[in-house]
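Residue-level structural notes
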Amino acid sequence: MRNRLPGLVSRDGERKVRVMRGLELTLRQTALALVGLLFLFALPDIARLLPAIQLSVLHQGVVFGLAAVGLNLLVRHTQLVSFGHAAFFGTGAYTTALLAAKYNVTEFALLLIASMLLATLMAMAIGYLSLRHTGLYFSLLTLAFGQLLYALVQGQTFFGSSDGLPVRPGPNMRPDIFGLALPPDAYEVLVYYLTVAIVVVSLLVMWRLINSPFGAALDAIGQDRTRAQFIGIPVRRYVWLAFVVSAVYGGMAGALYAMVQQHVRPGPVLYFLRSGDILFMAILGGYQTLFGPLVGGIVLVLLQDMGRDLTNYFDALTGLVLLALVFGFPQGIVGSLKKGGRVRSAASSFKNNPAVVGAWVSSFAESLVTAATQSVQNVKVLVFGVK
Amino acid sequence: MDRRTMLKAVGGTALAAALAGCSSLLGADSNQDASGGASDVPDEPIQAGLQTFTEGPAAVLGLQAQYGAELAVSRINEAGGIAGRQIELDVKHEADAYVENYTQFVSEGKEVTFGPISSGGHAALAPEVEAQGVVNVSTDGTVTTLYEETVPDPTYSFRFQNYDVMECVSAARETVNRLGAENVNTVAGINPNYAFGKDEWKVYTAALQKLTDVEIVYEGFPDLLADDMSTHITEINNQQPDVTFSSQWGGDVVTMMNQAAANNMFDNTQLVGTVLYSAVNDLSQDIVEQAQALSGSRNYYWGEPEPARWSPGQQLLDDARNQWDIIPSGHFMSGYGAVASWATATEKAVNLTGGWPSQEQIAMSLEGHGFFTPAGYHVMSERHQGLSTAYYGEMDWSSEIGAPILNDINSYSPPDVSPPPGTKSLDWIESW
């Protein structure tokens, strides 16, 4: 009889941990997942021990990571690159802020649900209009819609213009959590744990989604649209659905962001550079993985925050990291740690033969020399022309 | 005026005298004066934090605020500190992280924080300051609604710089003073396309319409840092309004005035601006002389009060030029004044309590606190809004200074340009 409950099962002679239907992890994966979960739960204590790190910053990282996980559904499986995902993040954030500031809605759950609903509607509209195109034109359309929303919010005093809106409803000056009015410290920690719970559930849902026939169909669409159409996949409808799902994640993240920051301004949530950030988080963490975008979100936000203390040119940090990523670790943080990833294979070849370090150094030096000669050559051609 | 009288005038202590810029009045016994005989005062220096724009286009204002704060801190330390405690100032880039910067400061154990400059950031920050309870004196962030709607009943959040309504009502009064009410029939506006620009335009026109029978003929809102303002300039050349109002600041002033001069706009209208003078370090002689613009300089202009009567303003100019090679603007005073207000109020609280005061006691002594700076006399009102004289003048070129100056200054005292306590700004203007 098949085991229908969570627990240990045996598959092809390997012991696996069954989490839910269709989700069975190897012992190693289980251990990693537990460590990850433990890490997320310990973050408030880590933040307390390290004065350079603030919980609200880590929290922001987790929230942006959640948005990146959503965007990743589109990027990884349908191969569509959206440059306007901040639109949904911003929709979520502004829905929460508007309800809190103008209609005095205080309940956390209500604000969250309303934000998800509005982000869904927004994604249905934007998705319907931009998914007629693929590739560059799709990216540009999403960018355009994002900027349209940004301009609208920036220009309207109803949305608080560039000053934004506070999220401080009720006499408690912050949302109630399931009817409880909490003091600031308790609120901060509780909202964080709620975020973690939401993130865990969202990851499970996402896992289930991409490992379903629907996920397989998305993969097929990503590989070849025309063939997917030929084998009977309703491409338009499926891509639209994927777009909406990814936007719901964005809207949810936006609502949580508003709840953490307690003030929403158009620049940080709607500007197109924010869309770039979310995309970059997915790539940084490893967009071929499920957890990568989440890790990327935490790392990037933390990097930007700590960078501000180190140098005035902290924006350049993002550029440097991007360079390192493209040249050294194209699979991202989590991708490089995976089996067959850059870090793992390097570690195993080091274990086999430590002398390989010498080869690494020489190959690095060689590639530097090659690059240098090439650029000298290029300059020569530019200045003197081809002879 | 002898030393004793002067000390009395500026608040009674060496510290207050130093911050007012009367350092020559401080004798050798200043240290003893400063410690005030307080018994229960910690030995370690006061940790203070300032957030401001240290890079990017807004650094035109941000660095001025930083230099101002640094000058105030160094003057405090030279005068022996507050009750013997020196100040150490940590500066952080404002970016979009107003709240994070503040909470970081608090968790690092800062006893006071200054900034931010951005009004959107200040609106986000003020409620957080109330929640955390560590006094913040904002340098700018001048949006009118802050203490009218966002935080209507503040305890720990203060703002030194005059707010938008004062700035714009002063501008309206200045317009009428210079041109005469009967000569102001049409007005146009070029204002930056964000909340500050829209607010300033709204308040200015509301006030001007009460003072004259003016008609609005054009309003344009170029984006911040727009590199082309010619459509607005062309429109103004077509309409030829009596007055063109602009709340552009920093680099946008330079862009606007250069393009306006190139298109002969100044032949067709009188430019009036609230913070044109913030571009003092970047304007060229030719443009300034063509424009003959009327400009405000917020609550500080180094030539006013008249140096013959009150030399500290002139001294501040010299200090700023020697140390940083800049002409200090109103934003220099934002940084200087924010620090000065907190320091003088804290010293007052030390003297009253006989020990080091709590945040609450410092906040209470800041409420209604009066103090001197090189710009003259300031009051931190009961509503936590700084009130001080606003300066307006005709911008002209001084070859002696090598920069624009303000000629023929008019000053506007707070009761003339700000609503009485308990009245919202636009209601007050409506009631004229």
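Residues numbered from 1 in each chain as written. Chains lettered and ligands numbered in written order. Predicted model: local features only at pLDDT ≥ 70, side-chain atom pairs only at ≥ 80, totals over all residues. Heavy atoms only, no water.

**Comments concerning the overall build of chain A**
What counts, and what does not: Helix numbering and strand numbering both begin at the N terminus, where a helix is a DSSP run of H or I of at least 4 residues and a strand a DSSP run of E of at least 2. Computation of the radius of gyration draws on C-alpha atoms alone. For the globule rule, the value is 2.2 Å times the number of residues to the power 0.38. Whether a residue is buried, partly exposed or exposed follows from its accessible area with a 1.4 Å probe, protein chains only, as a fraction of its type maximum: under 20%, in between, or over 50%, in that order. Throughout, a residue-residue contact means that at least one pair of heavy atoms, one from each residue, lies within 4.5 Å. Surface accessibility follows the Shrake-Rupley procedure with a 1.4 Å probe radius. Residue values consider only the protein chains on display as shielding. Lys and Arg are tallied as positive, Asp and Glu as negative. Neither His nor the chain termini are counted. Positions of charges follow a simple convention, taking NZ of Lys, CZ of Arg, CG of Asp or CD of Glu.
When helices and strands are tallied, chain A shows 16 helices and five strands. Taking 387 residues into account, the globule formula puts the C-alpha radius of gyration at 21 Å, and chain A, at 23 Å, falls close to it. Principal-axis analysis of the C-alpha atoms places the extent of chain A at approximately 70 × 70 × 55 Å. Residue burial in chain A is summarised as follows: out of 387 residues, 46% are buried. Put simply, 69% of the contacts in chain A that link residues at least 6 apart link residues at least 24 apart. When the accessible area of chain A is evaluated, it comes to approximately 19,600 Å², of which 68% is carbon and sulfur surface. Taking the average place of the 29 positive charges on the side chains of chain A and the average place of its 16 negative ones, the gap between the two points comes to 11 Å.

**Some details on the overall build of chain B**
For chain B, the helix and strand inventory stands at 16 helices and 15 strands. For a compact globule of 432 residues, the expected C-alpha radius of gyration is about 22 Å, and chain B comes in at 21 Å, within 12% of that figure. Counting only residues that meet the buried cut, chain B has 64% of its 432 residues in that class. In chain B, 71% of the contacts between residues at least 6 apart in sequence involve partners at least 24 apart. Carbon and sulfur atoms make up 44% of the accessible area of chain B, which amounts to about 14,800 Å² in all. On chain B, the mean spot of the 19 positive side-chain charges and the mean spot of the 57 negative ones are 7 Å from each other.

**Examining empty space enclosed by the protein**
Residue and element names in this part refer to chain A. Quick reminder of the rule: Only protein atoms enter the 1 Å grid used here, on which a cavity is any set of points holding a 1.4 Å probe that cannot leave and a pocket is any open set flanked by protein within 12 Å on both sides along at least five of seven lines; residues with an atom within 4 Å of a point are listed as lining. Grid points are joined across faces, edges and corners, and a volume is the space filled by probe spheres set on the points. Residue classes follow a fixed rule: Ala, Val, Leu, Ile, Met, Phe, Trp, Tyr, Cys and Pro count as nonpolar, while Asp, Glu, Lys and Arg count as charged, and any other residue, Gly among them, counts as polar.
One pass over the full model with this rule turns up four cavities of 30 Å³ or more. One number sums up the size of the largest cavity: a volume of about 50 Å³. Around the largest cavity, the lining residues are Val69, Asn72, Leu73, Arg76, His77, Met206, Ile210, Thr289, Leu290 and Pro293. Element by element, the count of residues in the lining of the largest cavity is highest for helix α2 (residues 55–78), at five residues. Looking at the lining of the largest cavity, its residues break down into six nonpolar, three polar and one charged.

**Let's talk about the pairing of strand β1 (residues 7–11) of chain A**
All names here are of chain A. Applied cut-off: For two strands to pair, DSSP has to find at least two bridges joining them.
In this sheet, strand β2 (residues 14–20) lies alongside β1 in antiparallel orientation, the contact comprising five bridges. Looking across to β2, one finds that Leu8 is bridged to Val17. As consecutive antiparallel partners, β1 and β2 are separated by two residues, and within that stretch Asp12 has a phi angle of approximately 50°, a positive value.

**With respect to the sheet that holds strand β3 (residues 112–114) of chain B**
Residue and element names in this part refer to chain B. Let me state the cut-off plainly: To obtain an axis, a line is fitted to C-alpha atoms, over the contacting stretch when the element is a helix, and the angle between two such axes runs from 0 to 180 degrees between their N-to-C directions.
If you walk across this open sheet you meet the five strands as β2-β1-β3-β4-β5, and the pairing is parallel. Pairing within the sheet leaves two strands with one partner each, and these edge strands are β2 (87–93) and β5 (157–159). Across the sheet, the mean angle from the axis of one strand to that of its neighbour is 20°, orientation sign disregarded. In this sheet, β3 lies alongside strand β1 (residues 46–52) in parallel orientation, the contact comprising three bridges. When the sheet's bridge partners are listed, Ala48 is paired in β3 with Val112.

**What to know about the sheet that holds β1 of chain A**
Residues and elements named next belong to chain A. Pairing within the open sheet is antiparallel, and its three strands lie in the order β1-β2-β3. Looking at strand neighbours, the two that pair on one side only are β1 and β3 (23–26), the edges of this open sheet. The mean inter-strand angle of the sheet, taken between neighbouring strand axes irrespective of direction, is 45°. Strand contacts of helix α1 (residues 27–49): β1, β2 and β3, with the helix running at about 95° to β3, the strand carrying the most contacts.

**Focus: the confidence of the model for chain B**
Residue and element names in this part refer to chain B. Heads up, the condition is: Scored from 0 to 100, pLDDT records how confident the predictor is in each individual residue.
For chain B, mean pLDDT is 91; residues scoring 70 or higher make up 94% of the total. Counting interchain partners and residues more than four positions distant, the pLDDT-below-50 stretch residues 30–36 has 16 contacts. Quick note on the complex model: pTM equals 0.87, ipTM equals 0.83.

**Digging into helix α16 (residues 356–384) of chain A**
Definition in use: A helix is expected to reach a length of 1.5 Å times the quantity of its residues less one.
Here α16 of chain A is 29 residues long and its end C-alpha atoms lie 42 Å apart, about the 42 Å a rise of 1.5 Å per residue gives. Gly385 of chain A lies just past α16 of chain A and shows a positive phi near 80°.

**Here we look at the interface of chain A and chain B**
Defined as follows: When two components associate, each loses some accessible surface as probed by a 1.4 Å sphere; the sum of these losses over both components is called the buried area. When a carboxyl oxygen of Asp or Glu is within 4 Å of a side-chain nitrogen of Lys or Arg, the pair counts as a salt bridge. For the purposes of these results, a polar contact is taken to be a pair of N or O atoms within 3.5 Å, where, inside protein, one atom must be able to donate a hydrogen and its partner to accept one; residues adjacent in sequence count only when each atom of the pair is a side-chain atom.
Listed by partner, the interface residues are 26 residues for chain A and 26 residues for chain B. Both faces combined, the contact of chain A with chain B buries some 2,100 Å², and carbon together with sulfur accounts for 43% of it. Glu128 of chain B serves as the salt-bridge partner of Arg168 of chain A, at 3.2 Å between the closest nitrogen and oxygen. Across the chain A-chain B interface, the total number found is 11 residue pairs in polar contact (both at pLDDT 80 or more). Mapped by element, the contributors of at least two residues to the side of chain A that touches chain B are α2, α5 (135–155), α12 (292–310) and α13 (314–328) of chain A. Broken down by class, the residue content of the side of chain A that touches chain B amounts to eight nonpolar, 11 polar and seven charged.

**Observations regarding the packing of α2 of chain A against α12 of chain A**
Residue and element names in this part refer to chain A. Our working rule: Should an angle lie under 35 degrees it is considered roughly parallel, over 145 roughly antiparallel, and from 65 to 115 roughly perpendicular; all remaining angles are considered oblique. Left-handed is the label given to a crossing in which the near helix is rotated counterclockwise from the far helix by less than a right angle, and right-handed is the label when the rotation is clockwise.
Their axes nearest at 7 Å, the elements α2 and α12 cross at an angle of 140°. By the criterion of interaxial angle, the relationship of α2 to α12 is oblique. Note that α2 runs across α12; the crossing there is right-handed. Judged by residue contacts, Val57, Leu58, Gln60, Gly61, Val62, Phe64, Gly65, Leu66, Ala68, Val69 and Asn72 of α2 engage Pro293, Leu294, Gly297, Ile298, Val301, Leu302 and Asp305 from α12. Grouping the amino acids of the contact of α2 with α12 by side-chain chemistry returns 12 nonpolar, five polar and one charged.

**Focus: the layout of surface pockets**
Residues and elements named next belong to chain A. Taken as a whole, the second largest pocket encloses approximately 1,700 Å³ of empty space. For the lining of the second largest pocket, the element with the highest residue contribution is α1, accounting for 11 residues. When grouped by side-chain class, the residues that make up the lining of the second largest pocket number 27 nonpolar, eight polar and seven charged.

**A closer look at the side chain of Ser425 of chain B**
Residue and element names in this part refer to chain B. By the element assignment, Ser425 lies in helix α16 (residues 425–430). Relative accessible area serves as the criterion here: at 3%, Ser425 is assigned to the buried category. Polar side-chain contacts of Ser425 include one of 2.6 Å to the side chain of Glu148. Once you skip the residues sitting within four places of it in the chain, Ser425 turns out to touch Thr144, Glu148, Tyr163, Val165 and Pro419.

**Topic: the side chain of Ser139 of chain A**
Residues and elements named next belong to chain A. Inspection of the secondary structure assignment puts Ser139 in helix α5. Residue classification places Ser139 among the buried residues on the basis of a relative accessible area of 5%. Excluding residues that lie within four positions of it along the chain, Ser139 makes contacts with Val81 and Phe83.

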